[in-house]
Amino acid sequence: MAIVAKKAHKETFERISPEKRDRIITIATKEFAKNGFKGANINIIAKKAGISIGSMYNYFESKEDLLLTVINEAYKLLEKVLGSVSLENKNFYEKIEELVCAAQKFARQYPEIHQVYLDITSEGLSHLTPRLSRTIEYITIEFYRHELEQAKKQGIVREDADVNVTSLCIDNILVLTQFSYTSEYFKERLKLFIGEDAFDDDERIVKGVVDFIKNALMPRMNISNNK
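Below is a short write-up of the structure. Worth saying up front: this structure is predicted, and the values here are computed from it rather than measured. (Residues numbered from 1 in each chain as written. Predicted model: local features only at pLDDT ≥ 70, side-chain atom pairs only at ≥ 80, totals over all residues. Heavy atoms only, no water.)

A short note on the overall build of the chain
Operational definition: In this description a helix means any DSSP run of H or I spanning at least four residues, a strand means any run of E spanning at least two, and both kinds are numbered starting from the N terminus. A simple rule labels every residue: compare its accessible area, found with a 1.4 Å probe on the protein chains alone, to the largest value its type can have, and call it buried under 20%, exposed over 50%, or partly exposed in between. Contacts were defined at the residue level, with two residues in contact if any of their heavy atoms lie within 4.5 Å.
A count of helical and extended segments in the chain gives 12 helices and zero strands. Taken from N to C terminus, the helices and strands of the chain fall in the order α-α-α-α-α-α-α-α-α-α-α-α. For the chain, buried positions account for 44% of its 227 residues. Partitioning the intrachain contacts of the chain with sequence separation of at least 6 by distance along the chain shows that 68% fall at a separation of at least 24.

Right, dumping it as structure tokens:
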């Protein structure tokens, strides 16, 4: 179940052509990714987008609202990616595997979105946290909770597993996996743990993540039968 993110832009932004809107969002995303929120300059964004600064403020009340609009657009992309994942006729662990693969693909395809996401988790933007986290995280929270409850009923997840804590742990793994493909710091971190060839074998990462989650959640009898 998805939620509708509150619009941060003005109505005038919706009246311009889709191409112009996409150009503004794309350039703003690149600037926020490269320089962070504090370092990004709305005047430079307007210039690169080929519009006047007056027009920019006609679309957005502030740089903060422009950032929120970028995040909302990223949320739509995430919904689209997750919506394209084939989850029918799969058990819980097969679905997790599909999501890890989708996370890798999303990170490789949209690295700048993840760089912006990493920036907004900093304390410098803490005043935006309630609005941002409720928009970005809700899409996965409800999915994990529902799937874990179903998996418990099927006997493939331990009955004593705390659904809320487990959802958080799984999502943390996926988020850090995505950062490992987009942030230079986390890229180096991944190579330290896995090796210099870490980015040459996506299947190894996927298998390792899924095996870890299986071993943590499957009833002991099921783990023995799977070996």
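As for the environment of Lys20
With respect to the secondary-structure elements, Lys20 resides in helix α2 (residues 18–39). Lys20 sits 30 residues away from Gly50 along the chain, and the two C-alpha atoms are 9.2 Å apart. Excluding residues within four positions of it along the chain, Lys20 makes contact with Ile51 and Tyr59.

Re unusual backbone geometry
Peptide bonds are trans in most cases, and residues, glycine excluded, mostly fall at negative phi. Non-glycine residue Asn89 carries a positive phi angle of around 55 degrees. Inspection of the secondary structure puts Asn89 in the loop between α5 (63–83) and α6 (92–109). Under the relative-accessibility criterion, Asn89 is labelled exposed at 80%.

Here we look at the packing of α6 against helix α11 (residues 202–217)
The line we're drawing: With axes taken as lines fitted to C-alpha atoms, and helix axes fitted only over the stretch in contact, angles between N-to-C directions fall between 0 and 180 degrees. By convention, the crossing between two helices is left-handed when the near helix turns anticlockwise from the far helix through less than a right angle, and right-handed when the turn is clockwise. In this classification, the charged set is Asp, Glu, Lys and Arg, the nonpolar set is Ala, Val, Leu, Ile, Met, Phe, Trp, Tyr, Cys and Pro, and all remaining amino acids, among them Gly, are polar.
One can describe the packing of α6 onto α11 by two numbers: an axis separation of 10 Å at closest approach and a directional angle of 140 degrees. Relative to α11, α6 is oriented so that their crossing is right-handed. The segment α6 lies against α11, with Phe92, Tyr93, Ile96, Glu97, Val100, Cys101, Gln104 and Arg108 engaging Asp202, Ile205, Val206, Val209, Val210, Ile213, Lys214 and Leu217. Looking at the contact of α6 with α11, its residues break down into 11 nonpolar, one polar and four charged.

Some remarks on the packing of α2 against helix α7 (residues 111–120)
The relative placement of two packed helices comes down to the angle between their axes together with the axis-to-axis distance. For clarity, the cut-off: Oblique is the label for any angle not under 35 degrees, not over 145, and not in the 65 to 115 range, which are roughly parallel, roughly antiparallel and roughly perpendicular in turn.
Across the interface, α2 lies against α7 with an axial gap of 8 Å and an inter-helix angle of 40 degrees. It follows from the interaxial angle that α2 and α7 lie oblique. Every pair of crossing elements has a handedness; the one defined by α2 and α7 is left-handed. Counted together, Thr29, Lys30, Phe32, Ala33, Gly36 and Phe37 of α2 and Glu112, Ile113, Gln115, Val116 and Asp119 of α7 form the full contact between these two elements.

Here we look at the packing of aromatic side chains
Put simply, the test is: Only Phe, Tyr and Trp rings are paired, with Trp represented by its six-membered ring, and only when their centres lie within 6.5 Å; those with planes under 30 degrees apart are stacked, over 60 edge-to-face, the remainder tilted.
Taken as a whole, this structure holds 11 aromatic pairs when the rule is applied. Both rings, one in Tyr59 and one in Phe60, keep their centres 6.5 Å apart while their planes meet at 90 degrees; by these two values the pair is edge-to-face. Overall, Tyr59 belongs to the buried group, its relative accessible area being 6%. Between Phe92 and Tyr93 the ring centres are 5.2 Å apart and the planes differ by 80 degrees, which places this aromatic pair in the edge-to-face class. For the pair Phe92 and Tyr93, a shared accessibility class is recorded, and that class is buried. Taken together through their ring pairs, the aromatic side chains of Tyr117, Phe179, Tyr185 and Phe186 make up a single cluster.

Quick word on the environment of Gln150
Examined against the element boundaries, Gln150 turns out to sit in helix α8 (residues 129–154). Accessibility expressed as a relative area gives 30% for Gln150, which makes it partly exposed. In sequence terms Gln150 and Phe92 are 58 residues apart; their C-alpha atoms lie 8.2 Å from each other.

Structural notes on the side chain of Lys152
Inspection of the secondary structure assignment puts Lys152 in helix α8. Apart from the residues lying within four places of it in its own chain, the contact partners of Lys152 are Val157, Arg158, Glu159, Ala161 and Val163.

Focus on the pattern of salt bridges
Rules: What makes a salt bridge here is a side-chain nitrogen of Lys or Arg within 4 Å of a carboxyl oxygen of Asp or Glu, nothing more.
Scanning all chains against the criterion turns up 12 salt bridges. Linked through salt bridges whose partners overlap, the residues forming this network are Glu188, Lys191 and Glu196.

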